[in-house]
Amino acid sequence: DFTVLNLFALSQGMLTFSGPMAASDFGHPHNDPWTESECWRTLASLGMRVKVEAQNPYQGKTDGILWGSNLSNIVHLLGTPYFPFVQNGILLLEDIGEEAYAIDRMLMQLHHAGILKQQRALIFGHFNGVDSHTEAARAYPHGALAEVWRTRLDIPVVTGFPFGHVAYKATLPIGKTAVLDINPEHYTLEVQ
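1. Considerations on the overall build of the chain
Scanning the chain for helices and strands turns up seven helices and nine strands. Expressed along its principal axes, the backbone C-alpha trace of the chain runs to roughly 40 × 35 × 35 Å. Burial analysis of the chain (192 residues in total) assigns 49% to the buried set. In the chain, once contacts between residues fewer than 6 apart in sequence are set aside, the share between residues at least 24 apart is 80%. Within the structure as shown, the chain displays about 9200 Å² of accessible surface, and the carbon and sulfur contribution to it stands at 54%. In the chain, which carries 12 positive and 19 negative side-chain charges, the distance between the mean positions of the two groups comes to 7 Å.

Printed below as a string of structure tokens:
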């Protein structure tokens, strides 16, 4: 997963991008036009602005270093010299094929390692690729993750960001300062 390269580069102070892939996204016969146009705009300007319609219990602005992406790979890098210790960050997470209980366990590992308390916000992208009809999914649905983590953290936890293993996704400048502007009906993530 490209997350490992992004995070190693971030640990060395380098700026990278995470977003659509040339073959699986741009090469797909039904590629998403917004994804492609936003990718080229972000690469040209080194910035982005994405507004997400989502109900949330927060209001206000925070800023921090934008980082993250695939949760499994982030957790696997803990304890290695390739893990970037980002203070005052905005951590964006996504994954594929992981049940909510496994995502919760990985978040708990980041929490106990002290990573989450160093962040200013947590953004959930897409956690897809799981059969919602399994016993595990019914017992702990993905939709409950944000509510659980809102009770555990003293930072905003927002959901629905267009990123992950989906066709409709933003391009993220990993390592740049981002501003998260939250209202009860929507939020905006902006990097200039």
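2. Structural notes on the pairing of strand β8 (residues 177-182)
Along β8, the buried face is formed by A178, L180 and I182; none of T177, V179 and D181, which line the opposite face, is buried. Summarising the sheet, strand β3 (residues 60-70) and β8 pair through six bridges and their orientation is antiparallel. The residue of β8 that forms the bridge with I65 is T177. Note that β8 and strand β9 (residues 186-191) share five bridges and pair antiparallel.

3. A closer look at the pattern of salt bridges
Under the defined criterion, the tally for this structure stands at six salt bridges. A salt bridge links E38 to R41; the shortest N-O distance between them is 3.1 Å. You can see E38 and its partner R41 sitting in helix α3 (residues 33-45), three residues apart, about one turn around the helix. Look at E38 and you get buried, because its relative accessible area is 12%. A relative accessible area of 36% means that R41 is categorised as partly exposed. Linking R49 and E190 is a salt bridge whose minimum nitrogen-to-oxygen distance equals 3.8 Å. One end of the pair, R49, is in strand β2 (residues 48-53); the other, E190, is in strand β9, with 141 residues separating them in the sequence. Residue R49 is classed as partly exposed on the basis of its relative accessible area, which comes to 48%. Residue classification places E190 among the partly exposed residues on the basis of a relative accessible area of 25%.

4. So, the nonpolar core
Within the largest apolar cluster, 51 residues are counted, with the highest numbers of intra-cluster contacts made by F161 and L189. Setting aside anything within four residues of it in sequence, one finds L189 in contact with M48, R49, V50, L66, I90, L92, I123, F161, A178, V179 and L180.

5. Let's talk about the side chain of T171
For T171, the position within the fold is in the loop between β6 (157-158) and β7 (172-174). Overall, the relative accessible area of 3% leaves T171 in the buried class. Filtering out sequence-adjacent residues up to four positions away, T171 remains in contact with F17, S18, G19, P20, E38, C39, T42 and M48.

6. Things to note about the environment of R150
The residue R150 is located in helix α7 (residues 145-152) in this model. For R150, a relative accessible area of 15% puts it in the buried group. Taking the C-alpha atoms as reference points, R150 and G114, separated by 36 residues in sequence, lie 16 Å from one another. Setting aside chain neighbours within four positions, we find R150 in contact with Q55, N56, P57, Y58, V157, V158 and T159. For R150, the side chain forms a polar contact with the main-chain oxygen of V157, separated by 2.8 Å.

Thresholds applied
Note that residues are indexed from 1 along each chain, following the sequence as it is written. Local features in a predicted model are, by the rule used here, given only for residues with pLDDT of at least 70; side-chain atom pairs are given and counted only at 80 or more, and totals for whole chains, interfaces and linings are based on all residues. To obtain the side-chain values, all non-hydrogen atoms of the structure were used and water was disregarded. In this description a helix means any DSSP run of H or I spanning at least four residues, a strand means any run of E spanning at least two, and both kinds are numbered starting from the N terminus. With a 1.4 Å probe rolled over the protein chains alone, any residue whose accessible area is under 20% of its type maximum counts as buried; one over 50% counts as exposed, and the rest are partly exposed. What makes two residues a contact is simply this: any of their non-hydrogen atoms within 4.5 Å. Note that accessible areas follow from Shrake-Rupley with a 1.4 Å probe, and for residues the cover is restricted to the protein chains shown. Positive charges come from Lys and Arg, negative ones from Asp and Glu, while His and the chain ends are left out of the count. The location of each charge is read from NZ of Lys, CZ of Arg, CG of Asp or CD of Glu. Two strands make a pair as long as DSSP finds a minimum of two bridges between them. Salt bridges are identified by distance alone: a Lys or Arg side-chain nitrogen within 4 Å of an Asp or Glu carboxyl oxygen. Joining through side-chain atoms within 4.5 Å is the link that ties buried Ala, Val, Leu, Ile, Met, Phe, Trp, Tyr and Cys residues into a set, and such a set is a nonpolar core. Any pair of nitrogen or oxygen atoms within 3.5 Å is treated as a polar contact; in protein, a donor-acceptor pairing is required on top of that, and neighbouring residues in sequence qualify only through side-chain atoms on both sides.

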